[in-house]
Amino acid sequence: KQQLFSRLDRMCGPEVVLATNTSSYRLSELCKDVRHRDRMIGVHYITPAHIINVVELIVADFTPPKLVEWGHEFLKTIGHIGVVCTDTPGFLVNRLQYALLSEVYRIVEEGVASRDDVDKAIRLSLGPRFALWGALLTEDLVVSKKTTAAVWDYLHHATHRDTFHQPAALNGMVESGRLG
């Protein structure tokens, strides 16, 4: 892709948008040899794209706001919705997906639940809740931030896993009284 975008950069006028559907490779790495980097944007469709209408718009520090606007407008014309994320490894959806998969594999390996039961639990509980409200709004609607913080602390203490170390942002919300 680096060679392709370098070649396209030389062939196309600077007003031509160069977009790439990448799920993990950083935009800044893909266009390292592109002279007109301000026309590069990541457009990551989520599989199956004919059902999932959210598309990640990946922006780097060289991506101008007008290109982000263009991305949103383009996606609207094809019935999709853009969510903006920065040019970071894994972007937004894959970071969330792989964090969940990491714990899913641990649960199955430890014999906490079978693969089928894990999938059922996600499909029939978290899936619908997250589809309705998303992860953060679900938390706001279901429990207070104090309860969430207490659960994080308990899981961290009981498992000794850094993945359950309470996030600083959550701690800050509790300390400032923003409890959801």
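Residues numbered from 1 in each chain as written. Predicted model: local features only at pLDDT ≥ 70, side-chain atom pairs only at ≥ 80, totals over all residues. Heavy atoms only, no water.

A.B. asks: Is there a simple way to think about the sheet that holds strand E4 (residues 81-86) in this case?
C.D. replies: Whenever strands of a sheet pair, they do so through backbone hydrogen bonds, lying parallel or antiparallel. Strand order in the open sheet formed by 4 strands is E1-E2-E3-E4, with mixed pairing between adjacent strands. Taken across any chain shown, the strands that pair with only one partner, and hence form the sheet edges, are strand E1 (18-20) and E4. The mean inter-strand angle of the sheet, taken between neighbouring strand axes irrespective of direction, is 30°. Pairing of E1 with strand E2 (residues 40-45) involves 3 bridges; the strand directions are parallel. When the sheet's bridge partners are listed, Leu 18 is paired in E2 with Met 40. Running at roughly 165° to E1, helix H1 (residues 2-11) makes contact with E1 and E2 of the sheet. Contacts from helix H3 (residues 65-77) reach E2, strand E3 (54-59) and E4 within the one sheet, and its direction differs from that of E2 by about 35°. (Pairing = 2+ DSSP bridges. Helix = DSSP H or I, 4+ residues; strand = E, 2+ residues; numbered from the N terminus. Axes fitted to C-alpha atoms, helices over the stretch in contact; angles between N-to-C directions. Contact = heavy atoms within 4.5 Å.)

A.B. asks: Got a minute to help me understand H1 in this structure?
C.D. replies: Since the α-helix packs 3.6 residues into each turn, any two residues three or four apart lie on the same face. All of the buried residues along H1 are Phe 5, Ser 6 and Asp 9. On an axial view of H1, the arc spanned by its buried residues comes to 105°, and they lie on one face. In H1, those exposed residues whose orientation departs by more than 90 degrees from the buried face are Gln 3, Arg 7, Arg 10 and Met 11. Against E1, helix H2 (27-30) and E2 lie the buried residues of H1. (Buried < 20%, exposed > 50% of the residue type's maximum accessible area, 1.4 Å probe, protein only. Arc of directions from axis to C-beta.)

A.B. asks: Explain the pattern of salt bridges to me, please; I cannot follow it from the model alone.
C.D. replies: Pairing is possible between side chains that carry opposite charge, provided their charged atoms lie close to one another. Following the criterion strictly, the structure yields 10 salt bridges and no others. Residues Glu 73 and Lys 76 are paired through a salt bridge, measuring 3.3 Å at the closest nitrogen-oxygen approach. Of this pair, Glu 73 and Lys 76 both sit in helix H3, separated by 3 residues, roughly a single helical turn. The exposure class of Glu 73 is partly exposed, given its relative accessible area of 46%. Notably, a salt bridge pairs Asp 140 with Lys 145, separated by 2.4 Å at the nearest N-O pair. Look at Asp 140 and you get partly exposed, because its relative accessible area is 33%. Residues participating in the shared-partner salt-bridge network are Glu 103, Arg 106, Glu 110 and Arg 161. (Salt bridge = Lys/Arg side-chain N within 4 Å of Asp/Glu carboxyl O.)

A.B. asks: Before we go on, may I ask you to explain the pairing of E3 in this structure?
C.D. replies: Counted residue by residue, E3 has 5 buried out of 6 residues, so it is predominantly covered. Across 6 bridges, the pairing between E3 and E4 is parallel. Among the inter-strand pairings, Val 59 is bridged to a residue of E4, identified as Thr 86. After leaving E3, the chain enters H3 and then returns to the sheet as E4, a path that is right-handed. (Right-handed = clockwise from strand over helix to strand, strands pointing away.)

A.B. asks: Quick question: what am I supposed to make of the layout of surface pockets here?
C.D. replies: A volume near 1700 Å³ is recorded for the largest pocket. When contributions to the lining of the largest pocket are tallied by element, the ones reaching two or more residues are helix H4 (93-109), helix H5 (115-142), helix H6 (145-159) and helix H7 (168-175). Here the element with the most residues in the lining of the largest pocket is H5; it accounts for 17 residues. Partitioned by chemical class, the residues of the lining of the largest pocket number 26 nonpolar, 8 polar and 6 charged. Each pocket or cavity is described by its volume, and for the second largest pocket that value is around 670 Å³. If you go around the second largest pocket, you meet 15 residues; those closest to its centre are Ile 46, Ile 52, Val 93, Leu 96 and Gln 97. Elements represented by at least two residues in the lining of the second largest pocket include exactly H4 and H5. Looking at the lining of the second largest pocket element by element, the count peaks at 6 residues for H4. Looking at the lining of the second largest pocket residue by residue, the class counts come to 12 nonpolar, 2 polar and 1 charged. (1 Å grid on protein atoms, 1.4 Å probe; cavity = no way out; pocket = protein on both sides within 12 Å on 5 of 7 lines; lining within 4 Å. Points joined across faces, edges and corners; volume = space filled by probe spheres on them. Nonpolar A, V, L, I, M, F, W, Y, C, P; charged D, E, K, R; others polar.)

Read these as geometric descriptors, not functional statements.
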